[in-house]
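Examination of the molecular architecture
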Amino acid sequence: MQIDQTRRREFITLLAGAAAAWPLAARAQQPATPVVGFLRSTSLADAARLVTAFRQGLKESGYVEGQNVAIEFRSAEDHADRLPALVADLIGRPVAVIVGNTSSALAAKAATKTVPIVFATGGNPVREGLVASLNRPGGNVTGVSFISVELGAKRLGLLRELRPGAARIAVLVDPKFPITERFVSEVRAAASAMGQQIDVLYVSSDREIETAFTTLVQRGAGALLGGSGGFLYSRRERIVALAARHRIPAIYPLRDYVAVGGLVSYAPSITDAYRRAGIYTGRILKGEKPADLPVMQSTKFEFVINLKTARALGLTVPDKLLALADEVIE
């Protein structure tokens with residue numbers, strides 16, 4: 001009898017211990033929430049729409065931030081030399097995927113050959129060294145490419161329709177932006193074919209921006225074509241204000257310039273590119289390899305006109321252009 005009671009107590013103790021262990025075992029078997037590193041060379045404050053679009057792409061792939069995926073945000077705040085340290089921080093986290101713009105993706109690629117990288121770039125990802133080819137990226141990098149350099153000629157043509165009497169058109173570009181020279185070559189070729197005189201002004205500091213506007217006014221430029229890049233984008237309010245002060249009609253590479261008072265923009269949809277980047281990120285989290293995911297081409301464009309600015313400049317926007325506009329800001 002004593003033996004039976006002893007065995008009973010042992011069994012109860014064993015059962016209780018096993019029950020206590022079950023929750024721990026169950027927790028150990030649950031996969032950890034994957035972490036995505038969202039890295040920008042420019043300010044995150046300027047990327048709210050891109051982040052929203054990226055989250056939408058993740059959601060389309062079955063991932064919702066705070067539920068089954070976490071996102072770590074990092075920004076170099078226009079200081080490219082900070083990117084290597086930010087990449088190292090994300091890798092040490094560790095993250096399952098790094099998502100970034102051109103400069104960020106290049107910094108990540110230089111730091112790791114194992115962590116998957118998804119980029120969104122307006123340049124040529126093969127020429128920039130991000131991937132071996134569009135169809136077969138190879139390695140640990142893939143992403144989305146949106147046309148940017150090739151739009152220089154299109155923007156110049158639209159600007160001439162808005163300001164047909166402009167004998168000279170100034171082109172404002174950042175010499176440090178990787179695709180600037182190809183953009184300038186594109187615009188020069190288009191200008192030559194149209195018989196249009198242009199002045200290319202290179203700026204990489206606030207003082208140079210001020211000087212450039214003084215120069216273009218002195219040279220009698222009747223319109224302005226704005227270039228791409230993080231530096232110019234971060235100074236968009238200043239550039240738009242200077243164009244307004246000097247009454248210079250201008251076309252810009254992103255809608256965000258028009259939203260702060262710029263005249264017009266013709267641009268690829270960057271939000272669509274980041275939505276697609278979110279989709280690719282989700283697919284990689286599910287186990288697909290970057291090397292097997294061809295670089296996607298984002299071909300959605302946005303033509304935006306600010307009629308309030310046009311009126312302030314004394315310009316009448318042709319009905320033809322109004323009909324082509326995707327958005328008109330009154």
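See the structure above.
In short, a report on the structure. (Residues numbered from 1 in each chain as written. Predicted model: local features only at pLDDT ≥ 70, side-chain atom pairs only at ≥ 80, totals over all residues. Heavy atoms only, no water.)

1. Some points on the overall build of the protein chain
- A tally of regular secondary structure across the protein chain gives 13 helices and 13 strands.
- Computed over the C-alpha atoms, the radius of gyration of the protein chain is 26 Å, more than 25% above the 20 Å expected from 2.2 N^0.38 for a compact globule of 330 residues.
- Considering only C-alpha atoms, the protein chain reaches an extent of 110 × 40 × 35 Å along its principal axes.
- Residue burial in the protein chain is summarised as follows: out of 330 residues, 48% are buried.
- Once local pairs closer than 6 in sequence are excluded, the contacts in the protein chain between residues at least 24 apart make up 70%.
- Put simply, the protein chain shows about 15900 Å² of open surface, and 53% of that area lies on carbon and sulfur atoms. (Helix = DSSP H or I, 4+ residues; strand = E, 2+ residues; numbered from the N terminus. Rg over C-alpha atoms; globule rule 2.2 N^0.38 Å. Buried < 20%, exposed > 50% of the residue type's maximum accessible area, 1.4 Å probe, protein only. Contact = heavy atoms within 4.5 Å. Areas by Shrake-Rupley, 256 points an atom, 1.4 Å probe, with all protein chains shown as cover.)

2. A look at the packing of helix α3 (residues 83-92) against helix α4 (residues 102-111)
- Interhelical geometry of α3 versus α4 gives an angle of 60° and a closest axis separation of 9 Å. Where α3 crosses over α4, the handedness of that crossing is right-handed. When α3 is examined against α4, the residues L83, V87 and I91 are found in contact with a partner set consisting of S103, S104, A107, A108 and A111.
- Of the residues contributing to the contact of α3 with α4, the split by class is six nonpolar, two polar and no charged. (Axes fitted to C-alpha atoms, helices over the stretch in contact; angles between N-to-C directions. Left-handed = near helix turned anticlockwise from the far one by under 90°. Nonpolar A, V, L, I, M, F, W, Y, C, P; charged D, E, K, R; others polar.)

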